[in-house]
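# Summary of the model geometry
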Amino acid sequence: MEVQKSKKLSVACVRAQQSESKDGSATVSPLSDSQENALKIKEWEVGRFQDEIAATQGIRIRRRPPTGPPLHYVGPFEFRLQNEGNTPRNILEEIVWNKDKEVSQLKERKPLGMLKKALENAPPNRDFIAALRASNLRTGFPGLIAEVKKASPSRGILREDFDPVEIARAYEKGGAACLSVLTDEKYFKGSFENLELIRNAGVKCPLLCKEFVVDAWQIYYARTKGADAILLIAAVLPDLDIRYMTKICKMLGLAALVEVHDEREMDRVLGIEGIELIGINNRNLATFEVDISNTKKLLEGERGEIIRQKDIIVVGESGLFTPADVAYVQEAGVKAILVGESIVKQKDPRSGITGLFGKDISV
Ligand SMILES: O=C(O)c1ccccc1NCC(=O)[C@H](O)[C@H](O)COP(=O)(O)O
């Protein structure tokens, strides 16, 4: 309510500067210093309110560093800011702050209107979820989303001789249902160029754009680069964002893989209409600890029941190395798995897949 009120105020502030010319078109006259400051204060307050709403949903990741208020600020956040540091609390928060800056720069170069035009020439969508279901039926194993992953903050460089297209082809030959392509450059040494290269090389597996989404603009961007699915992280995105971002995904023909780490995030996501694909990450993105029993824990009891009723596909993510690991998460109820390290590190990633399942799943 409060957020809406402040948003209205700042928009009203800009509108007040607009006047209609004789031909009916709107003209915008420059804001005075005090009006500009009032606008900055309102925008800053909206950011603070957004963090507050996120916190009520258990989200500890703040979207931006808590910078001090603009000049002359007097208001509800005046006293609460005193004890907040502006260094990130953990790696996920650091990644998110960096992503927020990166995206606002990219948006200036490629505004949404430009992306919407580029969509006309985007490669056709492939059905990510159908590919997982078909693979699960064909092999009797969870459908594999094989990750094209050069490096990670927890493990450093995973593969020196990294040729994304060669790795993608090897995964496809090895029986992967879908591929996950990391596009973050700073922390994972990935790129959108890799996504495009793989897509244009004729690889048929549907592609997941593995990004840290903080803005709906990124969803459009991913689609223009040939993605068939995109990751949305519940530890970063409040419910309202997940709701409208999944709608945008549907509109663009992308599958949304909504990732959770704990019971609270799972319950939030199960309360959102229209979710078809949930990833349970076994890696705590704040501490890097990996524990595959997390998948089992989150699928027990009523939660598992709701998932079955809604026919949601659950993906077990991270820390899967052996046929016993795969059997364990399958027994827990997953119909798909997302695997990076254990297969990308093998000299031949194709045989890495056979090693992971204890069987050649390509036939
Ligand atoms: O992999 C990391 O170190 C990491 C750190 C911080 C945020 C995300 C991170 N990884 C993203 C993933 O979820 C994994 O790449 C994916 O699930 C595959 O995991 P693995 O098989 O263990 O490589």
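Anyway, here's the lowdown on the structure attached to this text. What you are looking at is a predicted structure, and each value in this text was computed from that prediction instead of being measured.

Criteria and thresholds
- Residues numbered from 1 in each chain as written.
- Predicted model: local features only at pLDDT ≥ 70, side-chain atom pairs only at ≥ 80, totals over all residues.
- Heavy atoms only, no water.
- Near = heavy atom within 4 Å.
- Polar contact = N/O pair within 3.5 Å; in protein donor to acceptor, adjacent residues only side chain to side chain.
- Areas by Shrake-Rupley, 256 points an atom, 1.4 Å probe, with all protein chains shown as cover.
- Nonpolar A, V, L, I, M, F, W, Y, C, P; charged D, E, K, R; others polar.
- Helix = DSSP H or I, 4+ residues; strand = E, 2+ residues; numbered from the N terminus.
- Buried < 20%, exposed > 50% of the residue type's maximum accessible area, 1.4 Å probe, protein only.
- Lys, Arg positive; Asp, Glu negative; His and termini not counted.
- Salt bridge = Lys/Arg side-chain N within 4 Å of Asp/Glu carboxyl O.
- Contact = heavy atoms within 4.5 Å.
- Pairing = 2+ DSSP bridges.
- Axes fitted to C-alpha atoms, helices over the stretch in contact; angles between N-to-C directions.
- Phe/Tyr/Trp six-rings, centres within 6.5 Å; stacked < 30°, edge-to-face > 60°.
- Expected span 1.5 Å × (residues − 1).

Moving on to the site of the ligand. Close to the ligand lie 18 residues, the nearest being E147, K149, S154, S318 and G340. Here an oxygen atom of the ligand and a side-chain polar atom of S154 are 2.5 Å apart. In this structure, an oxygen atom belonging to the ligand sits 3.0 Å away from a main-chain N or O atom of G319. Contact with the protein chains hides 98% of the accessible area of the ligand, taken as 510 Å² for the molecule alone. Counted by class, the shell around the ligand contains six nonpolar, six polar and six charged residues.

As a further point, take the side chain of K149. Considering the arrangement of structural elements, one finds K149 in the loop between β3 (143-148) and β4 (151-152). We note that K149 is buried and unpaired, the nearest opposite charge coming from E147 at a distance of 4.0 Å. Each residue touching K149, except ones within four places of it in the same chain, is listed here: L158, F162, L182, R283, G340, E341 and V344.

It is worth spelling out the sheet that holds strand β12 (residues 336-339) at this point. Spatial ordering of the closed barrel is given by β3-β6-β7-β8-β9-β10-β11-β12, a layout of eight strands whose pairing is parallel. The sheet shows a mean angle of 25 degrees between the axes of neighbouring strands, taken without regard to direction. In terms of strand pairing, β3 meets strand β6 (residues 178-182) through four bridges, oriented parallel. Bridging from a neighbouring strand, E147 pairs with S180 of β6. Contacts from helix α7 (residues 192-200) reach β3, β6 and β7 (207-210) within the one sheet, and its direction differs from that of β7 by about 175 degrees.

Evaluated as defined, the whole model comprises four aromatic pairs. When the ring of F141 is compared with that of F357, the centres are 5.2 Å apart and the planes differ by 65 degrees; the resulting orientation is edge-to-face. Taken as a pair, F141 in the loop between α5 (128-139) and β3 and F357 in helix α15 (residues 349-357) lie far apart in primary sequence, 216 residues in all. By way of ring pairs, the aromatic residues F192, W217 and Y221 are connected into one cluster.

Take the environment of F321 next. Among the secondary structure elements, F321 is positioned in the loop between β11 (313-317) and α13 (323-332). As a C-alpha pair, F321 and G352 span 31 residues in sequence and 9.6 Å in three-dimensional space. Setting aside residues up to four positions removed in sequence, F321 forms contacts with E341, S342 and L356.

Let's shift gears to the pairing of β3. When you tally the buried positions in β3, you get six out of six residues, the bulk of the element. Every second residue of β3 is oriented toward a common face, with G143, I145 and E147 on one face and L144, A146 and V148 on the other, all of them buried. Relative to β12, β3 is paired through four bridges, and the arrangement is parallel. Counted as the bridge partner of G143 is A336 from β12.

The terminal C-alpha atoms of helix α2 (residues 33-56) lie 35 Å apart, and with 24 residues this matches the ideal 34 Å at 1.5 Å per residue to within 8%. For α2, the complete set of buried residues consists of N37, L39, I41, W44, E45, V46, G47, R48, F49 and A54. Positive backbone phi, at 85 degrees, marks G58, one or two positions downstream of α2.

On to the side chain of N282, then. Tracing the backbone through its elements, the reader meets N282 in the loop between β10 (277-281) and α11 (293-299). Classification of N282 as buried rests on a relative accessible area of 3%. Among the polar contacts listed, one links the side chain of N282 to the side chain of T295, at a separation of 2.7 Å. Only 3.0 Å separates the side chain of N282 from the backbone oxygen of S318, close enough to count as a polar contact. Contacts of N282, omitting those with residues within four sequence positions, involve E289, V290, D291, I292, N294, T295, E317 and S318.

Everything listed is a geometric property; what it means functionally is a separate question.
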